[in-house]
Amino acid sequence: SQQPVLEVIDASTVVHSLPARAKTAHKGDFGHVVVIGGGPGMSGAAILAGQAVLRCGAGKVSIACHPTSQLAIAAAQPEFMVHAVTDSVSLLLSKADVVVIGPGLGQSEWAQQLVIAVADWDGTVVWDADGLNLLAALALLKPANSEWVMTPHPGEAGRLLGTSTAAVEQDRWHALTQICQNFQAHALLKGAGTLVQSVTHPTGWVCRRGSPALATGGSGDVLSGVVAALLAQRLPIPDALVTAVWLHAVAGELASCDGERGTIASDLLLPLRQLSNPAQW
Ligand code: B4P
Ligand code: MG
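Keep in mind the model is a prediction, meaning the values are calculated, not measured.

(A) The overall build of the protein, seen in detail. A tally of helices and strands in the protein yields twelve helices and ten strands. With the principal axes as the frame, the protein shows a C-alpha extent of 45 × 45 × 40 Å. Partitioning the contacts of the protein with sequence separation of at least 6, the portion at a separation of at least 24 is 66%. When the accessible area of the protein is evaluated, it comes to approximately 12100 Å², of which 52% is carbon and sulfur surface. Within the protein, one finds 15 positive and 21 negative side-chain charges whose respective centroids are separated by 7 Å.

Right, dumping it as structure tokens:
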């Protein structure tokens, strides 16, 4: 397909998106993110996403998880509010500025009910991991009054489009365009040279930063948390996406300085803390 001119995401994008905070700021200014995930045996993904939300400056984080993961998640991070979901999430959704659904979600009946509830919610949703896989499996579409952000890797993109990972990789820009159009969404396509596109924006972006240090379990969960944190701080959606992708990529580069091969997803958290304050660089 026709390749558009892509803008390269660089530090100046980030500097403009993350000004220093007002001296009189309070946590209500920075938004409440609800991470929905952490199914049985997969508490870690929700923890990493939630920690990235905290380190990138959202005011409050709640984790909505399976009852079997509640204790582990609460013990991992005292700043989390943790809710074991046994029936409805509608009360929690009503208190959220941004929802992330997917990290460690799984594809059980429990997970499906959560995806159906979030797909019906009028708000800003970051779809990742099994959230994306279940959207595809259940053939759900965005309601008119919500904003959806999709963060697939090429495997998830293939499932969203009913095609193979190889077909996605063959023409990454085309695949991303299809996802934005099908879901009337803002989206990125992960992998070296992450692409960003928004249904409301005529051009797209590419990120040439990053490192193979990011090719490790959980690094995608961290990215979904970074995106949500910036959305909660009320960045316009395309700005939040490009800024998050750059922060995550450069955090990967910084973490890799201590040893690329052994870098793990939680190593991204402190570099993210530093990078998300450009006034202090
Ligand atoms: P899952 O098993 O679903 O992996 P996951 O739980 O989503 O892992 P995680 O959340 O940590 O990583 P994610 O990819 O979300 O799927 C893995 C399978 O999907 C693979 O076995 C493969 O089949 C397919 N797949 C995934 N990525 C692929 C790719 N790039 N090409 C072809 N097939 C792929 O997030 C990882 C993060 O790290 C992203 O932000 C990504 O951009 C970044 N990253 C990874 N490697 C990088 C690199 N070399 N350079 C720069 N950034 C990199
Ligand atoms: Mg992932």
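What follows continues from the structure just given.
(B) Examining the packing of helix 2 (residues 43-55) against helix 10 (residues 219-232) more closely. One can describe the packing of helix 2 onto helix 10 by two numbers: an axis separation of 7 Å at closest approach and a directional angle of 35°. Judged by the sense of rotation from one axis to the other, the crossing of helix 2 with helix 10 is right-handed. For the pair formed by helix 2 and helix 10, the contact residues are A45, L48, A49, A52 and V53 on the first element and D221, V222, S224, G225, V226, A228 and A229 on the second. When grouped by side-chain class, the residues that make up the contact of helix 2 with helix 10 number nine nonpolar, two polar and one charged.

(C) Expanded view of the nonpolar core. Ranked by internal contacts, the top residues of the largest apolar core, which has 55 residues, are V33, V35, V226 and L247. When residues of this core are traced back to their parent elements, those giving at least two are strand 2 (32-36), helix 2, strand 3 (60-65), strand 5 (98-101), helix 10, helix 11 (237-256) and helix 12 (269-275). No other element matches the twelve residues that helix 11 contributes to this core. Ignoring anything within four residues of it in the chain, the contact list for V33 reads V53, A58, K60, V61, S62, V98, V100, A228, A229 and A232.

(D) Helix 9 (residues 172-183), seen in detail. In this model helix 9 runs 17 Å from its N-terminal to its C-terminal C-alpha over twelve residues, within 8% of the 16 Å that 1.5 Å per residue would give. Along helix 9, the positions that sit buried rather than exposed are R172, W173, A175, L176, T177, I179, C180 and F183. Note on helix 9: the residue one or two positions beyond its end, Q184, has a positive phi of about 50°.

(E) Structural view of unusual backbone geometry. Positioned with a positive phi, Q184 is a non-glycine residue whose angle comes to about 50°. The topology assignment puts Q184 in the loop between helix 9 and strand 8 (186-189). On the basis of relative accessibility, which here comes to 46%, the residue Q184 falls in the partly exposed class. Backbone geometry at R234 places phi at a positive 70°, although glycine is not the residue there. Among the structural elements, R234 can be located in the loop between helix 10 and helix 11. A relative accessible area of 53% means that R234 is categorised as exposed.

(F) Molecular detail of the state of the cysteines. Taken as a whole and judged by the stated rule, the model has zero disulfides. Looking at C56, it has no disulfide partner, and the nearest cysteine sulfur is the one in C207, 14 Å off. In this structure C180 is not part of a disulfide, and its nearest cysteine sulfur, from C207, lies 17 Å away. Accessibility expressed as a relative area gives 1% for C180, which makes it buried.

Rules used throughout
Residues numbered from 1 in each chain as written. Chains lettered and ligands numbered in written order. Predicted model: local features only at pLDDT ≥ 70, side-chain atom pairs only at ≥ 80, totals over all residues. Heavy atoms only, no water. Helix = DSSP H or I, 4+ residues; strand = E, 2+ residues; numbered from the N terminus. Contact = heavy atoms within 4.5 Å. Areas by Shrake-Rupley, 256 points an atom, 1.4 Å probe, with all protein chains shown as cover. Lys, Arg positive; Asp, Glu negative; His and termini not counted. Charge placed at Lys NZ, Arg CZ, Asp CG, Glu CD. Axes fitted to C-alpha atoms, helices over the stretch in contact; angles between N-to-C directions. Left-handed = near helix turned anticlockwise from the far one by under 90°. Nonpolar A, V, L, I, M, F, W, Y, C, P; charged D, E, K, R; others polar. Core = buried A, V, L, I, M, F, W, Y, C linked by side-chain atoms within 4.5 Å. Buried < 20%, exposed > 50% of the residue type's maximum accessible area, 1.4 Å probe, protein only. Expected span 1.5 Å × (residues − 1). Disulfide = S-S within 2.5 Å.

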